[in-house]
Every structure is written in structure tokens, then in C-alpha cells.
Amino acid sequence: MTDPIAPPAAPRDRAARLREAIDRARRGVAARLDAGAGGLAACRALSRAYDDEVRALWDDAVRAAGAEARGLALVATGGWGREQMCPFSDIDFVVLAPRPEADAPRAVADALLYPMWDAGWRVGHAIRAPRDAARLARDDLPTATALLDARWLAGDRAVADELARATARAVARDRNTNDFIHRLAAERRARHDRFGASLYLLEPNLKQGIGALRDLATALWAAQARWGVRSFDDLVALGELSARQAGQMAAALDRLLELRARVQLAAGRATDQLTFELQEAIAPELYPDATLPEGDARPAVAPAVEALMRDYYLHARAVTQIAERVLEYALVPPRRRPRIARIDPSFVAFNGKLSSRDPDVFAQRPSEMVRLFRVAAELDMPVYAHTADVVAERLAQRPDLLTGDREASRLFVDALIDPRDHRRPSLLEQMHGLGILNSLMPEWAPCTCRVQHDLYHVYTVDQHQLYAVALLKRIARGELADRAPTVTEAVRAVRRPVSLYLATLLHDVGKPLGKGHAEKGARLARAIAERLGVDAEDVDRTALLVREHLTMAHLSQRRDLSDDAMIARFADRIGDEETLSQLFVLTFCDTAMTAPGNLTEWKGQLLRELYVKARAYLRGGDAAADGDAERAARRLRELVRMQVVDEGIGTEAEVDAFFTGLPDRYFAQLAQRQIVEHFRLARAYARSDAPVELSVHRRKGHGHTEAAVVSRDTRGFLTAVAGVLAAHRIDILGAVVGTRRDAPGGDPLALDVFYVRDAQGRAIPEDDPRWDRVRADLCGLFDERGLRVDEAGRLIARRRPPSGLKPRVEPAVPTQVTIDNDVSDDYTVIDVVTQDRVGVLYTIANALTELGLDIFLSRVATEGNRVADTFYVAAGTPPRKIDDADRLGAIRAALERALRREGADR
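Residues numbered from 1 in each chain as written. Predicted model: local features only at pLDDT ≥ 70, side-chain atom pairs only at ≥ 80, totals over all residues. Heavy atoms only, no water.

What follows deals with the packing of helix α5 (residues 130-139) against helix α7 (residues 157-171). Between α5 and α7, whose axes approach to 8 Å, the crossing angle comes to 25 degrees. As the angle between them shows, α5 and α7 are arranged roughly parallel. Where α5 crosses over α7, the two elements pack in a sense that is right-handed. Side by side, α5 and α7 meet where Pro-130, Arg-131, Ala-133, Ala-134, Ala-137 and Arg-138 of the first sit next to Val-159, Glu-162, Leu-163, Ala-166, Thr-167 and Ala-170 of the second. For the contact of α5 with α7, a count of residues per class yields 8 nonpolar, 1 polar and 3 charged. (Axes fitted to C-alpha atoms, helices over the stretch in contact; angles between N-to-C directions. Helix = DSSP H or I, 4+ residues; strand = E, 2+ residues; numbered from the N terminus. Parallel < 35°, antiparallel > 145°, perpendicular 65-115°, else oblique. Left-handed = near helix turned anticlockwise from the far one by under 90°. Contact = heavy atoms within 4.5 Å. Nonpolar A, V, L, I, M, F, W, Y, C, P; charged D, E, K, R; others polar.)

Attention now goes to the pairing of strand β8 (residues 692-699). As judged from the 8 bridges shared by β8 and strand β9 (residues 704-712), these two strands associate in the antiparallel manner. Within β9, the residue paired with Glu-693 across the bridge is Val-710. Hairpin connection from β8 to β9: 4 residues lie between these consecutive antiparallel strands, with Gly-703 at a positive phi of about 80 degrees. (Pairing = 2+ DSSP bridges.)

Under the counting rule described, the total for this entry stands at 73 salt bridges. Of the charged contacts in the structure, one is a salt bridge between Asp-34 and Arg-262, with a shortest N-O distance of 3.5 Å. Of this pair, Asp-34 sits in helix α1 (residues 12-34) while Arg-262 sits in helix α11 (residues 243-267); the two residues are 228 residues apart in sequence, bridging distant segments of the chain. In this structure Asp-34 comes out as exposed when scored by relative accessible area, which is 57%. Between Glu-368 and Arg-365 there is a salt bridge whose closest N-O contact spans 3.8 Å. Owing to a relative accessible area of 6%, Glu-368 belongs among the buried residues under this scheme. The class of Arg-365 is partly exposed, set by a relative accessible area of 40%. (Salt bridge = Lys/Arg side-chain N within 4 Å of Asp/Glu carboxyl O. Buried < 20%, exposed > 50% of the residue type's maximum accessible area, 1.4 Å probe, protein only.)

Turning our eyes to something else, we now look at helix α24 (residues 536-547). Helix length check: α24, at 12 residues, gives a terminal C-alpha distance of 17 Å against a target of 16 Å (1.5 Å per residue), a fit within 8%. Of all the positions in α24, only Asp-538, Val-539, Arg-541, Thr-542, Ala-543, Leu-545 and Val-546 are classed as buried. On its buried face, α24 is in contact with α22 (497-506), α23 (517-532) and α27 (577-592). (Expected span 1.5 Å × (residues − 1).)

Take the nonpolar core next. Phe-412, Ile-436 and Leu-505 are the most contacted members of the largest nonpolar core, which has 123 residues in total. Broken down by element, this core gets its largest block of residues, 8 residues, from α27. Ignoring sequence-local partners within four residues, the contact set of Phe-412 consists of Val-370, Leu-428, Met-431, Leu-437, Leu-440, Met-441, Leu-505 and Leu-532. Formed by 79 residues, the second largest nonpolar core is a distinct cluster that contains Leu-241, Leu-274, Val-301 and Ile-322. (Core = buried A, V, L, I, M, F, W, Y, C linked by side-chain atoms within 4.5 Å.)

Attention now moves to helix α9 (residues 213-227). The terminal C-alpha atoms of α9 lie 21 Å apart, and with 15 residues this matches the ideal 21 Å at 1.5 Å per residue to within 8%. Most of α9 is tucked away: 13 of the 15 residues are buried. Within two residues after α9, Gly-228 carries a phi angle of roughly 70 degrees, on the positive side.

For the rest of this paragraph, the subject is the environment of Met-566. On the secondary structure map, Met-566 appears in helix α26 (residues 564-574). Put simply, Met-566 and Asp-822 are 256 residues apart on the chain and 9.7 Å apart in space, counted from C-alpha to C-alpha. Setting aside chain neighbours within four positions, we find Met-566 in contact with Leu-555, Arg-559, Asp-560, Leu-561 and Val-823.

Take the confidence of the model for the protein next. Taken residue by residue, the protein gives an average pLDDT of 91. The fraction at 70 or more is 95%. Here residues 623-627 is a poorly scored stretch, pLDDT under 50, and it has 8 contacts once near neighbours within four places are set aside; other chains count. (pLDDT = per-residue confidence, 0-100.)

Another point: the sheet that holds strand β10 (residues 730-740). If you walk across this open sheet you meet the 8 strands as β8-β9-β11-β10-β16-β17-β15-β14, and the pairing is antiparallel. Looking at strand neighbours, the two that pair on one side only are β8 and β14 (816-820), the edges of this open sheet. The sheet shows a mean angle of 15 degrees between the axes of neighbouring strands, direction not considered. By the bridge criterion, 5 bridges tie β14 to strand β15 (residues 828-835) in an arrangement that is antiparallel. In the strand pairing of β15, Val-817 is matched with Val-832. Of the strands in this sheet, β8, β9 and β11 (749-758) are in contact with helix α32 (residues 672-686), which crosses β9 at around 40 degrees.

With mixed pairing, 4 strands are arranged side by side in an open sheet as β3-β2-β1-β4. The strands lining the two open edges of the sheet, one partner per strand, are β3 (123-128) and β4 (151-155). For this sheet, the mean angle separating the axes of adjacent strands, direction not counted, is 25 degrees. The pairing of strand β1 (residues 73-77) with strand β2 (residues 91-96) spans 5 bridges and is antiparallel. By the bridge assignment for β2, Leu-74 is matched with Val-95. Across the sheet, helix α2 (residues 39-65) is in contact with β1, β2 and β4; its angle to β4 comes to roughly 30 degrees.

With that out of the way, let us pick up the packing of α9 against helix α13 (residues 302-330). In contact at an axis separation of 9 Å, α9 and α13 are set at 20 degrees when each is read in the N-to-C sense. The pairing of α9 with α13 is recorded here as roughly parallel in orientation. Taken as a pair, α9 and α13 cross one another with a handedness that is left-handed. Along the contact surface, α9 presents Asp-215, Leu-216, Thr-218, Ala-219, Ala-222, Ala-223, Arg-226 and Trp-227, while α13 presents Val-319, Ala-323, Val-326, Leu-327, Tyr-329 and Ala-330. Along the lines of polarity and charge, the residues of the contact of α9 with α13 split into 11 nonpolar, 1 polar and 2 charged.

With that out of the way, let us pick up the packing of aromatic side chains. Throughout the structure, instances matching the rule amount to 16 aromatic pairs. Ring geometry for Tyr-114 against Trp-117: centres 5.2 Å apart, planes inclined by 80 degrees, an arrangement best described as edge-to-face. Here Trp-117 and Tyr-114 lie together in helix α4 (residues 103-118), a separation of 3 residues that amounts to about one turn. Assessed through its relative accessible area of 34%, Trp-117 is described here as partly exposed. With centroids separated by 4.9 Å and ring planes inclined at 85 degrees, the aromatic side chains of Tyr-459 and Tyr-467 adopt a geometry described as edge-to-face. Under the relative-accessibility criterion, Tyr-459 is labelled buried at 18%. With a relative accessible area of 23%, Tyr-467 lands in the partly exposed category. Clustering of aromatic rings is evident, with ring pairs tying together Phe-658, Phe-659, Tyr-666, Phe-667 and Phe-679. Positioned above the aromatic ring of Phe-88, the side-chain terminus of Arg-26 is 4.1 Å from the ring centre. (Phe/Tyr/Trp six-rings, centres within 6.5 Å; stacked < 30°, edge-to-face > 60°. Lys NZ or Arg CZ within 6 Å of the ring centre and 35° of its normal.)

Along the chain, the position of Asn-205 falls in the loop between α8 (178-195) and α9. Once residues within four sequence positions are removed from consideration, Asn-205 is found in contact with Phe-195, Ala-212, Asp-272, Gln-273 and Tyr-312.

Structural data, given as C-alpha cells:
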């Protein structure tokens, strides 16, 4: 693009006229969209408004240039050339001239540019001779694609036609378009990498993302270069696309343009990012009837946003699949005889790809659609694109074609449990993309492209379940044996894999039905399993696994795993070791595939602990008996005593004194090394004037750091530590709170362990300078009057970095407080789910302290921008669980009030 040299002043009234005309046209876009005209019609109307204004400028400029303007032409390129202008799109044009270096072309271009700039338009332009422009297109892909979109606006039309012919020759160099197609494909891959290598981004780019507008344009550029067509409908006439595929591309273009236009109108500027803020701004207009079901506590806008994003993903998915096909079909095949090898009566290998011998085989025997992928797995061979299209077309015409087909069902179950499917995307995903899964399991269809409006569930419901199965197959192939030996061992121990694989595929099939999706999904899974013809035992286990698929994650992350009675109740509920192993593996895959990095080492450790303890109970039958807990505590005491004496840390008498007043629960919650460290800190505390002793141990392989703390047992101590850690941007994953109540010759002693990581989710080294500051701040909370819990809150406020930036809008997380008095015999268990922010654990713990409650165990889980914190609490001396209904109600109200107040202060 060239720039003018001397900017002559443009008449202000002309710039004002342009500005007013385009503002009026933008308002027209909004009016047309609201009237249901569609994105393409609205954007075409805006493009033509630009046409009218620019042609008027052109006419004035050409008159001023006189005879020297003969032979000039004006062409629009880019989105303007395609007549797809959105409200704040750039405009791009080329002035075509036989002699671009002459004065007249420059004068005409300047006469166009300055009024546009004064009107606030963003403009890209060039002055070129037609052949020079086409010559640039030979080696410069952006120039080539811009010129393929060139549309005559004014001037000598023959010159514009010359540009079109020269461009066509340039992109089909030596009458072979393959080089151009390969460059288009390479640019597409690089763009996807740059803007997010997933179709299912939470905040997709409507122009540059996978399946977005640029992918549509890329497919059409390839078609133009290969076949000289101007639309996808032209490809139907040539037999290169079906009418259904062309219709999908047209519908996607219309919808994507509408979304892009609405996003820009809502933002009041040029933007292509469908951010959470803009999703919430435009979704209610598009889906006014989307409402929350009764009892759903999420924000009211969530159903409309989920409908919007599902619609977007469905269109983007179609664009991705069809654009891939067009790019493949557009390549000119080599001039040699194709290599064809017979495989069986239905299929052949065609140039190394699996193809049908006769497309009618799928009409005669629909189950061959599924067997196609069984053969692909056996031969490790890709499926030929044309054959895949035949399958997709057949199922689009008859969506129920495979429903209840016994042979197709048998083949599908075989494919599902076959661990050899190592491709990315997997063969199962490819089958889903063609409609096979929806046809076999109509209940699965509503999961397709369905989203949840939060930061925790990154993938659509269907992709999440498919990714979980893919991970299960990796485990079955032994690929995770070094990193995840326990789950690998569990998979190898499974005797009846059908229920495991089927439940993994269907565990969220109830999500489209709303609240209580596990129970609803279990009913759907049972119906699907029965229709697929699996054995009755596997049907029952599949339904049970789907019903319980949330249980292990919930118990491991939010409950006291040292509570043998809780372990026993869970194991009895699951029933047998085979089901337990399958549920453990399903939970592992589900948690890992909810979001990248979601299955942290900490969560994995807790899940393994629950599995191992429940398995031990099922094998022994009475592993939760009180006598076992007492024997385990005695054994651990003896091991600690031996280590302390052997390493010269202390004497047997000192160890026995340390043990006095420690309950068996303390020994059930901590490992030998942790108890030894507490002993060392308690000894140092007794000999020091410092009010707190702290040590840290980085558990590198586990992804977190342990911070052991010893101090005088004071109500609010957990609150104080939580506040100090939050002030230093240290996240708490969990806490074990221990108390030695009958300390000889002194006050009760707090013996706590905090499992922490940094804000990026990494373990914090022992030599990190933050620990010295944490130690100093903890000691600074004490004075002669005792612990100043409020000072921890002031530390958070002081350390919170100020920002003048507008807070990023994220899906809101409603605060929910639930109280469980049944899960533990000794404690009241309080679960709090709320929006994540700095200091939220401090706020909750502080509220509990002010209510006169002692916290004995805390578990913290962060899920996207949501935290799920659990507290085991008691009150009184000796501490007891709270049974009074009025007090429980007051506790819930006080927590909700504290979190509301703290959230409003942000």
C-alpha cells in the first residue's frame, strides 16, 4: 500500500457528510439485524452504502483530473470487495492505472483518501497497474487473496476485468493451482496456531479463529483458483460439494457475519473477539426465550449465552469440515494411474486411503458405515474424504438410519473399546463428525457443541466426553504408566471394559437436561446401553458409573480422607472392586479432560488416596473399624519415635510428651515425615520467643509445597495464616489443622500443614524470598494481647496491586453455602462455592471464627474462576458438631453476607 506525500486539506463538510452517512448506515445494520434480515444482507447493505459514498468521491476526483483520468478504475478488495462490511471494518481499495507513477492516479487517490481519513475511516489502499498487481500476487499470498476478492466500483471496467484475468493466471501459475492451495493451507494452519488451535475456545475470534470467517474465505479462494467459481453454489453445479454442504456454508456465513456485526455494534469499535462481556451483551437479544430452569442458581444470562455459543460452534464446526474438504478437492491430482487395492467386498485402498468400492453399499448395508472405521483401525489407514462425505450425506438424509441396527451397534461397541485408536482427532471423533454417533445414540445428539457458561468447563460436552475416551485409550495402551501408575494398574485390572468405556463416553449425556444431570444421564445411559445390545451386567454398571461419576472427585477433594467411616460408606455404596476400579478410571479421565491442567498432582494424589483406601476396605471388609485406626496411630507413633531418636532430633521422653493430647485423627491425616517436622518445630517453638515457627518443603513431583506451622492454638489462627498467604499471592490447596490440647506445662498447640502453590499453579521453592516475608508477617500478627486476626485482612488490602484497568468480565459464579451434618460423626461440614478472588479463603475463615467455630480441616479447590472450599468445624469445649437448626441457618446467612460484602468491596 502507498501513502500520499502532501495532505491537502479536505473540506470539513465533506468529511462530516461521509461520517453521517456511514453512521446512518451502521444504524441501518442494527435495524436490519433486529428485523431478522440476517448478517449477509445487513453487511451487504452497509457495503453498498460505502459504495455510494466512495463513488461520489471518485466522480468528483475524476472530474477534477480531467482527461488524464481516462483509463483509471477503482476496485474494492477484502471484505468490502466481498460485500461483507461489518460496522467498523476497514475498507481496502486499489486504484488501477496504466501508469501508476503518473500524477493523475495519485491525485485521484488523494482525493479519495483525505475525506475518508477525516471522517475517521480506517483505509488501506494501493495504486497499481493491473499486470503489476497480478505479478505481486504470484509470490505474496495476502495480495493474491485481496485481488481474488476485487470488485469493480467505478472507472474503466475493462481495466478491472484485466486485473481479474491477470490474477487468475497468477494464482494458477503454469496452469497448476497446487502451489497456491498449499500456501493457503499453510497460512490457515499458522493462523489457527496464532489465534488458538481449537475450535472450542471460550472467547473465539470471529474472523481469524478455527471455523471462522477467514476459513470460509480461504475455502472460496481455493475454489476460485481451481475452478474459477464465485460461490459455493457454483461448486454444487460442478459436483464438488453437495447442496447440503453449500447450504451449511451459506448459513454459517450469514450467522458469523451477524455475530461479528452485533459484537462490533455492542463494543462501538472494531473487534472480532467474542469475549464473555460481549457474549452476555448480545445473547439475550438473539435468544430471549432462553431461561433458567427452576432451582438453577446460575446468572440469568447463562442459558442465552450457552445457546449463542452452541450455535456458533455448530456453524464453525461445519465450516472447518467443509473448508478442509474444499482445500483437499482443489488440489490437482498427479497425472498417474491411481493405486487401487481390493481389501474386501466393500472397501478398497485408493492411493493409500480407505474407500468404498461402491457408494451404494452404505444404502444397502448401513452398518458398513461403522465397519469402515473398524477396517481403518485394523489397517491404520485414513478414510478417503469422498467416502466420508458419502456417509455424512446419507446420515443427513436419514438421521435415524443406524438407530437400533444390531450389526452397527455391535461394531460400534467394538470400536469404542478398541485401544488402538491413537489418532488425533480420534476415529471416534471422526465418526461423530459424520453423524454416526448421533444416529446410533439419538440421546447423544443434544450434547453436540453444547457449552457451559463458565471458565471451568473448557470443552463442549461432546468433545469433553470424546477426549475422556481418548485419554482412557492412552492409559490402556500403557502410555501413562510412568506418570500415572495407579490408574494404569486399575485399567489393566478391569475385567469387563464395555461398561467403563461406555460410561466414559456417556457420563455427561444428561447435561442438556439441566440440574441433576448425573441421575438423568444414568437413565439415558441405560437406554443407550440396552439398545446397543450389551450384557445386562454391563448395562447396570454403566448406569451406576454415570450416576456416580461425580462422587469420587467430590469426596476426594472436599472430604476428610482420614475418616474411615466415610470411606466405608462410599465403598459400600459402590459395591465391588471391579466397579470401584472403573469409577476411579472414569473420574481420572473426566477430571483430566474438563480443562487443560485441571487434574493437578494435588487432585490426583487425593483421588488415588480415596481409591486405595476404598479398595482396601472392600478387600478387608472391616478396615474402617475403630480398632484399626487405633492400631495405625500406635504404629505411626512408634515409627516417628524411632526416626526422631535415630536422627538425634530428640529423646523418647520428648516424643512421648509431644504425643500427649494428640488425637488419633491427627495421625490419620498426616504422614510420618510431616509429624516428625511438627515435632521439630514444636521443640523449636518451646525454646524460642517467636510466636510462630514455620518450615516449607517443596513437593516437586506433586506440584505443590507443604508449609508446616506451629503456634499457640488460638481461635482464628487458620484465618490469620490464610490472610498472610493470600497477601503474598500464595494459593492454598488444602489445610490439615491439628491441635495438641493437653500440652504439658503450656498452652494448647496448633500443629497445621498447608498445601500451597503460586498463582501460576506451581510448587514454590524453599528458598523463595516470599517465605521470609510470610514468616515475618505471621509473627507480626501477634502482640502482647494475642493474635490480631483483623491485621491479616489489612495485609491483603495493602498487598493487592492497584489497577486502573477495567476488570475483565468473566462468567459470574453465584455464592452457594451448603451444610452437611451427616458425612462426619464428629464435625459439621460446610461447603462454600463462590467467585475466586484474592483473600476469599481468609474471608470465609474469618467469618467462621467470628461465629465462634473452630476449624479442624479445610479443603480448597479452584476450578476456573470458581473456588469450592470445605471446612470441618465444631464449637464448644470439648468441640462438638452443631445440631441446632437455627444456628446452622445463622452460619449460612453470615457466610453469604460476608462474601457478598467482600465481593462488593472489590
